[in-house]
Amino acid sequence: IRWTTDELATGAVRYSGAGAVGGPRAVADLVKDHQVRLDNLQAATLYTYEAQSADAAGNLSALRGGSFTTAAAPDLAPPRFVEGPGVQSVGDREALVILKTDELSRAELRFDTDPDLRDGRLESSRSGTGHQFQLSGLAPGTPYYYQVLIADESGNQNVSSQRSFQTRSAPDIRPAQILEGPAIE
């Protein structure tokens, strides 16, 4: 907390917040520009304070009613999968992968026919807690592998285990061919 006096004076700060009272934090030097650092404050907490100064003759002045709120603690926890990722439906040329996260997150799904996934296609979703990936242009009757990375607003990440599904075989749309006959017997 900083303040300036019109003459040389000492400085002190009393503060309270979250049921705790701190101070006074004092600076005994006679100065005009005062600065008192408050340490070990709780995150996301409203504090009130009173700044006091006393000149060399002992005359005391105080500024009451100041307040501030400390910043929220940083988010260091990665988002979690609360549902999925899993394949909800599979066709011969498409599949729907869904998942839910415990906090707002972006999701990226990488998939390929090669379990390595290095050269696989990448699909991304917007920030949210529910995500759907409609995969299209797939080959019929083919195994596919996929993995999902989720990242929250703070950049914390989590990666699913690798999973797989197989597209259905292409429907038989060719009519039966008569190979022999007809014959009367």
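Provided above is the structure to which this section pertains.
A brief look at the structure comes next. From a predicted model like this one, the values you see are computed outputs, not experimental measurements.

**Here's the deal with the overall build of the protein chain**
A count of helical and extended segments in the protein chain gives 0 helices and 11 strands. Reading the helices (α) and strands (β) of the protein chain from amino to carboxyl end gives β-β-β-β-β-β-β-β-β-β-β. For 185 residues, the compact-globule formula gives about 16 Å, and the C-alpha radius of gyration of the protein chain, at 33 Å, lies well above that figure. Dimensions of the protein chain, computed from the C-alpha atoms along their principal axes, are close to 130 × 30 × 25 Å.

**Brief notes about the side chain of Asp 92**
Within the fold, Asp 92 resides in the loop between strand E5 (81-90) and strand E6 (94-112). Those residues in contact with Asp 92 that sit more than four places away from it in its chain are Leu 138, Ala 139, Pro 140, Thr 167, Arg 168, Ser 169, Ala 170 and Pro 171.

**Things to note about the pattern of salt bridges**
Any two side chains of opposite charge can pair, on the condition that their charged atoms come close. Tallied over the full model, the rule gives 5 salt bridges. Salt-bridge contacts for Arg 37 lead to Asp 39; the nearest nitrogen and oxygen are separated by 2.9 Å. Relative accessible area serves as the criterion here: at 64%, Arg 37 is assigned to the exposed category. Salt-bridge contacts for Glu 123 lead to Arg 121; the nearest nitrogen and oxygen are separated by 3.6 Å. The partly exposed category is assigned to Arg 121, whose relative accessible area is 38%.

**Quick notes on unusual backbone geometry**
For the bond running from Gly 84 to Pro 85, omega is 5°, close enough to zero to count as cis. With phi around 60°, Asn 40 is a residue other than glycine that occupies positive phi space. Mapped onto the elements, Asn 40 comes out in the loop between strand E2 (20-35) and strand E3 (46-55). A positive phi is found at Ala 44, a non-glycine position, where the angle reads about 50°.

**Let's talk about the pairing of E6**
As paired elements, E5 and E6 share 6 bridges and run antiparallel to each other. Residue Glu 83 lies in a different strand from E6, and its bridge partner there is Lys 100. The sheet contact formed by E6 and strand E8 (residues 128-136) spans 8 bridges and is antiparallel. From the neighbouring strand, Leu 96 faces E8, where its bridge partner is Gln 134. With 8 bridges connecting them, E6 and strand E9 (residues 143-152) associate as antiparallel partners. Paired with Ser 105 across the two strands is Asp 152, which belongs to E9.

**With respect to the nonpolar core**
With 15 residues, the main nonpolar core has Leu 109, Leu 135 and Val 148 as its most contacted residues. For this core, the elements supplying multiple residues, two or more each, are E6, E8 and E9. Ranked by the residues each element gives to this core, the list is headed by E6, at 6 residues. Once residues within four sequence positions are removed from consideration, Val 148 is found in contact with Phe 81, Pro 85, Leu 99, Ala 107, Glu 108, Leu 109, Asn 158, Val 159 and Ser 160. Grouped together as the second largest cluster of nonpolar side chains are 8 residues, Trp 3, Leu 38, Tyr 49 and Ala 51 included.

**Side note on the packing of aromatic side chains**
One pass over the full model with this rule turns up 6 aromatic pairs. Residues Phe 111 and Tyr 144 carry aromatic rings whose centres are separated by 6.4 Å and whose planes lie at 55° to one another, so their mutual orientation is tilted. A residue pair is termed long-range when its members are at least 10 positions apart, and Phe 111 in strand E6 and Tyr 144 in strand E9 qualify at 33 residues. For Tyr 144, a relative accessible area of 6% puts it in the buried group. Between Tyr 144 and Phe 165, the aromatic rings sit 5.6 Å apart at their centres with planes inclined by 15°, giving stacked as the arrangement. Separated by 21 residues along the polypeptide, Tyr 144 in strand E9 and Phe 165 in strand E11 (residues 163-166) bring together distant segments of the chain.

**Overview of the side chain of Thr 5**
Here Thr 5 lies in strand E1 (residues 2-17). At 2.7 Å, the side chain of Thr 5 forms a polar contact with the backbone oxygen of Glu 7. Apart from the residues lying within four places of it in its own chain, the contact partners of Thr 5 are Val 31, Lys 32, His 34 and Ser 53.

About the criteria used
- Residues numbered from 1 in each chain as written.
- Predicted model: local features only at pLDDT ≥ 70, side-chain atom pairs only at ≥ 80, totals over all residues.
- Heavy atoms only, no water.
- Helix = DSSP H or I, 4+ residues; strand = E, 2+ residues; numbered from the N terminus.
- Rg over C-alpha atoms; globule rule 2.2 N^0.38 Å.
- Contact = heavy atoms within 4.5 Å.
- Salt bridge = Lys/Arg side-chain N within 4 Å of Asp/Glu carboxyl O.
- Buried < 20%, exposed > 50% of the residue type's maximum accessible area, 1.4 Å probe, protein only.
- Pairing = 2+ DSSP bridges.
- Core = buried A, V, L, I, M, F, W, Y, C linked by side-chain atoms within 4.5 Å.
- Phe/Tyr/Trp six-rings, centres within 6.5 Å; stacked < 30°, edge-to-face > 60°.
- Polar contact = N/O pair within 3.5 Å; in protein donor to acceptor, adjacent residues only side chain to side chain.

Distances and angles like these do not, on their own, reveal function.
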